[in-house]
Amino acid sequence: MKKYFLILFLLPFALLSQILTPVKWSFSSTKISDNNYELKFKATIDKTWHIYSQYIADNGPVPTKISFLLNKDFDLVGKSEEPKGHEEFDPNFDMKLVYFENEVTFIQKVKVAKTTRIKGNVEYMVCAMQCLPPTKEQFEFFLDGTEGETVETQSMSIPSTTIAGKTPTLTLNLQNTLQFNNVTQSGIVDPVKWDIQGVMAPGSKGKYMITFKATIDKGFHINANQLKEKELVPTTFTFDSLQGVKIKGELVSLSRVIEKKDKLYKEKLRYHEGEAVFTQELEGDMNGYIKGVLEYQACDDTKCLQAQKVPYTFLIQNGIVTRVIAEVKEIRPLPVNGVFPYKHPTIDNNKPLSTCSVTSDEIKGESNWTIFILGFVGGLLALITPCVFPMIPLTVSFFTKSSSGKKGIFNAALYGFFILLVYILLSLPFHLLDKIDPNILNTISTNAWLNVAFFIVFVVFAISFFGYYEITLPSALANKADSASSMGGLVGIFFMALTLAVVSFSCTGPILGSLLAGSLTSDGGAWQLTAGMSGFGLALALPFTLFAAFPSWLNALPKSGGWLSKVKIILGFIELALAVKFLSNADLVEHWGILKYEVFMGLWILIALSMLIYLLGKIKFPHDDPFKKWTSMRAIFAAFSLACVIYFSAGFRYSNETKTFTSLSLLSGLAPPAGYSIIHPNHCPLNLNCFHSYEEGLAYAKQTGKPIMLDFTGWACVNCRKMEENVWNKPEVFSIINEKYVLISLYVDDREKLPANLQHDYMTAQGKLKHIETVGDKWATFQTETFVNNSQPYYALLNSDEQLLVKPVGYTPKVSDFAAYLNCGLEAAGKK
C-alpha cells in the first residue's frame, strides 16, 4: 500500500523532470592512405555546458577518455589529438582546467591490416552550473582495409540511451550514409518486433504451445538459432523456471533459413528475414507457470546491433495460458488442486435469465448526494470553530471596503469560489489512485494499520480540541500563502482562499479527516470524496459571499467569545467517538476481538456521558471559561448528550429473533454488527443461516435446490451494515432470505491468510498480476473478474447451476425495492 502513496508523492516531480542529454556525439572516418585512417569523434555541446580535455591532472574532474577494444587487425598510431580548449582556474578543484564548449572533435589515427571492425567507447563528463554523472558513448567503426583512394566517410549520430545502467552499443555504417527509418524516440534502433503467445494445444488437455513470432524490418535479419560464427549471437530461447509443466521435444523453426556467404566473416551465415516463427511444445498440469528469456541479434549487410534479451512469463490457470506483460521477479507456485475459477464461465452479466430487476444507478447517485450533504454539515460545523468564525466579518469587511458596490460583491463571490475549488482539488489525487487500481480505495479504507493510524490521529486531534495544545500546519506555508495573497487580482484572491484553508487547519483538519475516512470506499470511488469535499467547501464559502452581498446580516452574528471554545471541546468528544470507530474497523478486519459490540457501545456511552457532565459544568478544560449560567445553546447540547446516552444504552436490548443484541438503526455501519459479541456471538447477519465459502454454499444449494443469494460484503462496509440492520431485518425481506435462498456472504476485506498451499498469483482480465494471499483477496477477485464490479454491498442471485437469474444490484435502502428484487430472482428460478 505504501507504494501507492509514494507514487502519488513523486508524480509531480516525475512530470516536471526530464533526462538531460546536453552532448550529442557523431563519428566519422577519413581514409588518408592505404590502410591508414583518421577516426573522428565529434561532440556537439549545448549552450552553457562544457566537457573536459583528455589531459586532466589527478583529483580533478573526469577527463574525456577514448577507449578501444583492441584486436590484431588494427594498431593505434600515436595518441588521440584534440584542439586547443579554454583554460581557466577552477577554485572547486584548485587547479587549471581545460574544457571545450559548443563543439569539439577528437582524432585518433589507426592502421588496419584488413577489413575490420573497431569497437570502443567515449567516456566524458558534462558540466554547467551542475555536473552530470560520467557517461559512456559506444561506437563501432567498419573499415575497409583494401587499397583505394583517400576518402572521408560520415555516419549519422544516434543518441545512446542508458537502460538499467547499461548503454546499448549502436553499430554505425561508415562507408555509406544510412537513412534509419526504424529509430525509436529514445534513439535506439529497434528493427525487430516480437509477438509471444501461449495456447493449449487443440484437443490436447495438458499440452501447451508457446509461439515466438519475429517481424523484421526490411534490410535487417536475425541470426538463426544454430550458428557457427562465434562473434555473432544466435537466436536462443531459455526456459529459466517451470512450474507444473515440462518441455516436450526440441524448439521448432517454422520459417525458411537463409544461408549466405558473408563478406566480412568469409563464411556462410544462417539467418531469417522478414518474419521468423519458432514454437516450443510443453506438457503438464492444468495450472502452472513458464518463465524464460529469448536472446537475438539483428544485423544488416554492414553491421550488427547489440544483442537484445526479451523476458517472457506465462501463467497457466485452469488450462488457460496468459502472458504476464509486467516484469515479474518471482511467481508463487499455483495450488495443486487448481485455481478457484474467478471468472465463472456460466455467469454472463449481460444475459441474466430474467430482465425483471431493479437498478442501483439512482441509488449510487443518492449515495453521493448523502456524502455531499454530510460534507456540507461538516463545513457548517467548521464555520463555528474559533479558527474560522472570527475571520468572517474581517474578510467580508475587507472586500466591501476595498472595492465598492458590485465589485466588492464579485470579489467576495470569487473568494468563495476559490475556497470551494481548494477543497475539490484536495480530492483529485484519489482519482489517480482509483485509476491505478479500482480496488485501491476499498483497500485503503479497510487497511487495519491505516485505521489504527486514523485512531491515533483522531485521539491527538481530540486532545488538541480540549485545549491541551494547538495543531497547525508549518508557519512557513501560511506565510508564503499570505504573501502571495497580496498580489491582487485573481491570483491574490486565490491565495487568500488558500491562506484560509491553511490557517484554519487546526479546526477543520479533524472534520476533513472524518470526511476522508468515511468516503474512501469502493462503492462510489473517489467521486464520493469529491462530493464530500464539495459540500464542505461550499458550506465554508457561502457565508463570505452572502454577507458581502447583504452586509447588514453581519449584525445578526453572535460575537466571538468563550462559546467558540465550548464548541471546539464538544467537537473533541465527537472526535474521540470517531477514533473508537476507526479502531473498530481494524479490529473487525483483523479479527483481534478487542472491540466487541459490548465494548464499543460501552465506550460510546462513556463519551456521551462525559460530554453531558462537561456541559453540566462538572469538568473543566484549559482555556475554558467558568460555568456561570445556562444558555439555550448549552441546554440543547446537554439534551443531545443525554439523548445519546439513553439511545446508545438501548443497544443492549436482547432480540429473541436474532438471538443477540438489538442493532440501532442510526448506528448502522458505525457500530460493529450486533452479532460480533462477547455474550451473544452470532457469525451470520440477523442469525440467518449463511455460508462464508462459495464452494460450501454452492454444494448446499445443489443439495437443497434453492437459488443462491451471493452477498459481497465487508467487515468495515458501512452500507453493508445499513442493509443488514435496516432492510434485511424487515419481515418481508427477512422471510424470503431465510426460507427461499441459500445466503453466501463473502467478505472482500477479510485479512485472514489462506493456507500456504492455496496462496498464488493470478492474472486479471486487465492483464495485472495479483497476489492472492488472503480470504478477502480471493472473494474480491471473484467479484471483479466475474461481475466486473468492485463495490460493496453487491448482491447477485444465481441458481444452483451457477446461472445469473437477474441483474445484480448494490446498495438498495428502500425495503420494497429489495423485496421486489428477491422476488424477481425467485420467479426466474421458478421457485415462486
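Quantities reported herein were computed from a predicted structural model and do not represent experimental measurements.

Cut-offs and rules
- Residues numbered from 1 in each chain as written.
- Predicted model: local features only at pLDDT ≥ 70, side-chain atom pairs only at ≥ 80, totals over all residues.
- Heavy atoms only, no water.
- 1 Å grid on protein atoms, 1.4 Å probe; cavity = no way out; pocket = protein on both sides within 12 Å on 5 of 7 lines; lining within 4 Å.
- Points joined across faces, edges and corners; volume = space filled by probe spheres on them.
- Nonpolar A, V, L, I, M, F, W, Y, C, P; charged D, E, K, R; others polar.
- pLDDT = per-residue confidence, 0-100.
- Contact = heavy atoms within 4.5 Å.
- Core = buried A, V, L, I, M, F, W, Y, C linked by side-chain atoms within 4.5 Å.
- Buried < 20%, exposed > 50% of the residue type's maximum accessible area, 1.4 Å probe, protein only.
- Helix = DSSP H or I, 4+ residues; strand = E, 2+ residues; numbered from the N terminus.
- Salt bridge = Lys/Arg side-chain N within 4 Å of Asp/Glu carboxyl O.
- Axes fitted to C-alpha atoms, helices over the stretch in contact; angles between N-to-C directions.
- Parallel < 35°, antiparallel > 145°, perpendicular 65-115°, else oblique.
- Left-handed = near helix turned anticlockwise from the far one by under 90°.
- Disulfide = S-S within 2.5 Å.
- Phe/Tyr/Trp six-rings, centres within 6.5 Å; stacked < 30°, edge-to-face > 60°.
- Pairing = 2+ DSSP bridges.

Colleague: Looking at this structure, how should I read empty space enclosed by the protein?
Modeller: Rolled over the atoms, a probe sized like a water molecule indicates the empty space that remains. Considering all chains together, one arrives at 4 cavities of 30 Å³ or more under this definition. Looking at the second largest cavity, its volume works out to about 50 Å³. Lining the second largest cavity we find Tyr597, Met601, Ser663, Leu664, Leu667, Ala671, Pro672 and Glu725. Split by residue class, the lining of the second largest cavity holds 6 nonpolar, 1 polar and 1 charged.

Colleague: Just to check I follow, could you spell out the confidence of the model for the protein for this structure?
Modeller: If pLDDT is low for a region, its predicted coordinates should not be looked at in detail. This prediction gives the protein a mean pLDDT of 76; 73% of its residues lie at or above 70. Counted against residues more than four places away or in other chains, residues 147–188, with its pLDDT under 50, gives 100 contacts. For residues 360–366, every residue scores under 50 in pLDDT, and the model assigns this stretch 7 contacts once sequence neighbours within four places are set aside.

Colleague: It is not clear to me how the nonpolar core should be interpreted in this structure. Could you clarify?
Modeller: Across soluble globular proteins, nonpolar side chains show a tendency to be buried alongside one another. Judged by nonpolar contacts, the single largest core of 32 residues is most densely connected at Phe573, Met601, Trp604, Phe648 and Leu667. For this core, the leading source of residues is helix H13 (residues 597–615), giving 11 residues. In this view, Phe648 contacts Met601, Trp604, Ile605, Ala608, Leu664 and Leu667; residues no more than four positions away in its chain are not counted. In this structure, Cys690, Trp728, Leu797 and Tyr821 belong to the second largest nonpolar core, which totals 27 residues.

Colleague: Is there a simple way to think about the pattern of salt bridges in this case?
Modeller: A side chain of one charge can pair with a side chain of the opposite charge when the charged atoms of the two come close. Scanning the entire structure with this criterion turns up 7 salt bridges. Of the charged contacts in the structure, one is a salt bridge between Glu695 and Lys778, with a shortest N-O distance of 3.0 Å. Placement of Glu695 in helix H15 (residues 694–704) and of Lys778 in helix H18 (residues 775–787) is noted, with a sequence separation of 83 residues between them. Exposure remark for Glu695: the relative accessible area of 36% places this residue in the partly exposed category. Taking the relative accessible area as the measure of exposure, Lys778 reaches 14% and is therefore buried. For the salt bridge of Lys753 with Glu773, the shortest nitrogen-to-oxygen distance reads 3.5 Å. Placement of the pair is Lys753 in the loop between strand E27 (742–747) and strand E28 (760–763) and Glu773 in the loop between strand E29 (769–772) and H18, with a sequence separation of 20 residues. Of the residues examined, Glu773 reaches a relative accessible area of 24% and is grouped as partly exposed.

Colleague: Teacher, can you tell me more about the environment of Leu542 here?
Modeller: Here Leu542 lies in helix H11 (residues 526–549). A relative accessible area of 34% means that Leu542 is categorised as partly exposed. For the pair Leu542 and Tyr415, spaced 127 residues apart in the sequence, the C-alpha separation amounts to 9.8 Å.

Colleague: Can you help me understand the environment of Asp750 in this one?
Modeller: Within the element layout of this structure, Asp750 appears in the loop between E27 and E28. With relative accessibility at 9%, the residue Asp750 sits in the buried group. As a C-alpha pair, Asp750 and Trp715 span 35 residues in sequence and 7.2 Å in three-dimensional space.

Colleague: Teacher, can you tell me more about the packing of H13 against helix H14 (residues 632–649) here?
Modeller: Packed helices, taken two at a time, are described by the angle between their axes plus the distance between the axes. Between H13 and H14, the least distance of the axes is 9 Å, while the angle of their chain directions is 155 degrees. Considering their axes alone, H13 and H14 lie roughly antiparallel with respect to each other. For H13 against H14, the interelement crossing comes out left-handed. For the pair H13 and H14, the contacting residues are Met601, Trp604, Ile605, Ala608, Leu609, Met611, Leu612, Tyr614 and Leu615 in the first and Arg634, Phe637, Ala638, Phe640, Ser641, Leu642, Cys644, Val645, Phe648 and Ser649 in the second. Along the lines of polarity and charge, the residues of the contact of H13 with H14 split into 16 nonpolar, 2 polar and 1 charged.

Colleague: Can you help me understand the state of the cysteines in this one?
Modeller: Disulfides are covalent bonds that connect the sulfur atoms of two cysteines. Summed over all chains, the structure comprises 2 disulfides. Across a sulfur-sulfur distance of 1.9 Å, Cys684 and Cys690 are joined as a disulfide pair. Between Cys684 and Cys690, the S-S dihedral sits near -80 degrees, and the bridge is therefore left-handed. Judged by relative accessible area, which is 12%, Cys684 ranks as buried. Disulfide pairing is shown between Cys717 and Cys720; the S-S distance is 2.2 Å. Disulfide Cys717 to Cys720: torsion about the S-S bond roughly 80 degrees, handedness right-handed.

Colleague: Where do I start with the packing of aromatic side chains in this structure?
Modeller: For any two aromatic rings, the description comes down to two numbers: the centre-to-centre distance and the angle of the planes. A full pass over the atoms with the stated rule returns 44 aromatic pairs. A ring pair is formed by Phe41 and Phe141, whose centres lie 5.7 Å apart and whose planes are at 85 degrees; its orientation type is edge-to-face. Placement of Phe41 in strand E2 (residues 36–45) and of Phe141 in strand E11 (residues 135–143) is noted, with a sequence separation of 100 residues between them. With respect to class, Phe41 is no different from Phe141; both count as buried. Ring centres of Phe691 and Tyr700 lie 5.3 Å apart, and the angle between their planes is 45 degrees; this geometry places the pair in the tilted category.

Colleague: Please explain the pairing of strand E21 (residues 308–317) as it appears in this structure.
Modeller: Each regular strand displays side chains that alternate between the two surfaces of the sheet. With 9 bridges connecting them, strand E19 (residues 275–296) and E21 associate as antiparallel partners. Paired with Leu294 across the strands is Val310, a residue of E21. Pairing of E21 with strand E22 (residues 320–323) involves 4 bridges; the strand directions are antiparallel. Residue pairing across strands places Phe314 opposite Arg323, the latter belonging to E22. Taking the residues that link successive antiparallel strands as the turn, the E21-E22 hairpin has 2 residues, and the phi of Asn318 there is positive, at about 55 degrees.

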